[in-house]
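One-letter residues, chain by chain:
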Amino acid sequence: LNNRAFKFGMGEDWKSRAITEIEKHSQELSSIGEQIWRHPELSFNEHKAHATLSHFLETKGFCVDRSYLGIETAYRATYGDKTGPNICVICEYDALPDIGHACGHNLIAEAGLAAALGIKAVLESDGSPQGTVTVMGTPAEEGGGGKIKLIEKSAFEKIDVAMMVHPFPFNMVRFSCLAIICIKVTFHGKAAHAAAFPWKGVNALDAAVIAYNNISLLRQQMKPTWRVHGIITDGGCKPNVIPELARMEYYLRAPTKGEVEVLYSKVMACFDAAAKATGCDFEVAETFPLYEDVISNPVLSDLFETNSNHLGMVFTEIPQPCGSTDMGNVSHIVPSIHPFYCVGDGSQINHTREFTSVTNTPAAHSNTVIAGKAMAMTAIDLLTAPELLDQVKVAFHSSHARS
């Protein structure tokens, strides 16, 4: 990697300008993060968050397209001269059912706003480098595939790089996010009186139980990097009625799209065998589009880590996978990064009530602003050193060829 990536020479003044601008708005940014936290909204229903974020960006001089490309709670905000690199900062803002912002998407939005303010401050300065900052508001990461819908509508067509950050129990730049297929399975049987005429029935719950056990037995032959987890969501209405309907929901994960499709075929055989054994019919429906694995661009990752180190962040790398995200789909079409940064004391983990409690604390907001600064500084590296963007694109094509 070109040594300019690790020096704060030519771009140092611009980075200082960005940091100063972000710090000037830190209280306002924290307030927005808290406001979204206090009003959690589910996938594609993030109306308050959409309005809050869009309004903030409009007041700061961005050109904002609300309900972008016909997606009601998506938005795009841009600033720049439409020459030079187009740097995209991604915001998420949907919550989880019952437990609210247990994945900290309120903070993802806050960090995205911080980065956008810092980059804009540089672009509007005298003698600044040329370029554009795009803030992409992406709804429904938690099960709706908002970014995939935006990709399908060519939202990322003119984007050079995309970046976002995500709250986590610790700081991490390089990691594995798995590809995922999410399905709902319905078994159809025949109802009968369970005491008087059980032989007249076809038990859909038995099919679901057999399928669950089939998949549990399959685990011995699964690769260590594969993940399958599921629940029975409907098992009948009363004990004295043979269940004529049973429903299950499963998530299937693997390191790549190709591997998760192989896993899908094996799990489908488990459902098919259960149906045949009980005499049931069954049907399978995908609950949302396939999320691809995240390809973290190595050049962008190095830049982000160096800038974060300059701000006092220290990173940990672990070999285990870290869930799934539709940011993976973005990373397959645009050079991208999706670093994790720490909130809490390390004992609170995502998708728990405990994590919800630490995504609206002064420490969490402070770390979020730091992560936003690191994104802005990484963008400035690309704006001030065109050869770095060339290296990013070479690394992207190399990684894409191997994926």
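Residues numbered from 1 in each chain as written. Predicted model: local features only at pLDDT ≥ 70, side-chain atom pairs only at ≥ 80, totals over all residues. Heavy atoms only, no water.

Caption draft 1: Looking closely at the overall build of the chain. Within the chain, the regular secondary structure consists of twelve helices and twelve strands. Its C-alpha atoms give the chain a radius of gyration of 23 Å, near enough to 22 Å, the size a compact globule of 403 residues would have. Along the first, second and third principal axes, the C-alpha set of the chain runs to 85 × 40 × 40 Å. Burial status across the chain gives 55% buried among its 403 residues. Looking at the chain alone, contacts between residues at least 24 apart form 80% of all its contacts between residues at least 6 apart. Charge centroids of the chain, computed over 33 positive and 44 negative side chains, lie 3 Å from each other. (Helix = DSSP H or I, 4+ residues; strand = E, 2+ residues; numbered from the N terminus. Rg over C-alpha atoms; globule rule 2.2 N^0.38 Å. Buried < 20%, exposed > 50% of the residue type's maximum accessible area, 1.4 Å probe, protein only. Contact = heavy atoms within 4.5 Å. Lys, Arg positive; Asp, Glu negative; His and termini not counted. Charge placed at Lys NZ, Arg CZ, Asp CG, Glu CD.)

Caption draft 2: The nonpolar core, seen in detail. Core analysis: the largest hydrophobic core is formed by 61 residues, its most contacted members being Leu57 and Phe62. With eleven residues, helix H4 (residues 105-123) is the single largest residue contributor to this core. Among all residues touching Leu57, those that are not within four sequence positions of it are Phe62, Val64, Tyr75, Ala77, Leu113 and Val135. Ranked by size, the runner-up nonpolar core spans 28 residues in total, among them Ile183, Phe271, Ala274 and Leu290. (Core = buried A, V, L, I, M, F, W, Y, C linked by side-chain atoms within 4.5 Å.)

Caption draft 3: Main features of the layout of surface pockets. Empty space within the largest pocket amounts to approximately 690 Å³. Lining the largest pocket are 30 residues; nearest its centre among them are Arg253, Cys322, Gly323, Ser324 and His351. Listing elements by their share of the lining of the largest pocket, those giving two or more residues are strand S6 (166-168), strand S8 (227-234), strand S9 (245-254) and strand S10 (281-291). Among the residues making up the lining of the largest pocket, the classes are represented as 16 nonpolar, ten polar and four charged. In this structure, the second largest pocket occupies an estimated 370 Å³ of space. What lines the second largest pocket is a set of 19 residues, among which Arg76, Thr78, Asn86, Thr134 and Lys158 lie closest to the centre. For the lining of the second largest pocket, the secondary structure elements donating two or more residues are strand S1 (63-66), strand S2 (75-80) and strand S4 (132-137). Per-element tally for the lining of the second largest pocket: the top contributor is S2, with four residues. Its residues placed into classes, the lining of the second largest pocket shows six nonpolar, seven polar and six charged. (1 Å grid on protein atoms, 1.4 Å probe; cavity = no way out; pocket = protein on both sides within 12 Å on 5 of 7 lines; lining within 4 Å. Points joined across faces, edges and corners; volume = space filled by probe spheres on them. Nonpolar A, V, L, I, M, F, W, Y, C, P; charged D, E, K, R; others polar.)

Caption draft 4: Structural detail: the packing of helix H2 (residues 26-38) against helix H3 (residues 47-59). Running from N to C, H2 and H3 point in directions that differ by 165°, and their axes come no closer than 10 Å. With respect to H3, the element H2 is oriented roughly antiparallel. Like other packed secondary-structure pairs, H2 and H3 cross with a definite hand, here right-handed. Within the contact between the two elements, H2 uses Glu28, Leu29, Ile32, Gln35 and Ile36 and H3 uses Ala49, Thr52, Leu53 and Phe56. Across the contact of H2 with H3, the residue classes break down as six nonpolar, two polar and one charged. (Axes fitted to C-alpha atoms, helices over the stretch in contact; angles between N-to-C directions. Parallel < 35°, antiparallel > 145°, perpendicular 65-115°, else oblique. Left-handed = near helix turned anticlockwise from the far one by under 90°.)

Caption draft 5: Structural context of the sheet that holds strand S7 (residues 179-188). The sheet built from four strands is open, its strands ordered S8-S9-S7-S10 with antiparallel pairing. With one partner strand each, in any of the chains shown, S8 and S10 form the two edges of the open sheet. Across the sheet, the mean angle separating the axes of adjacent strands is 20° when strand polarity is ignored. Across the sheet, helix H6 (residues 204-218) is in contact with S7, S8 and S9; its angle to S9 comes to roughly 20°. Contacting S7, S8, S9 and S10, helix H7 (residues 257-278) crosses the sheet at an angle of about 15° to S7. (Pairing = 2+ DSSP bridges.)

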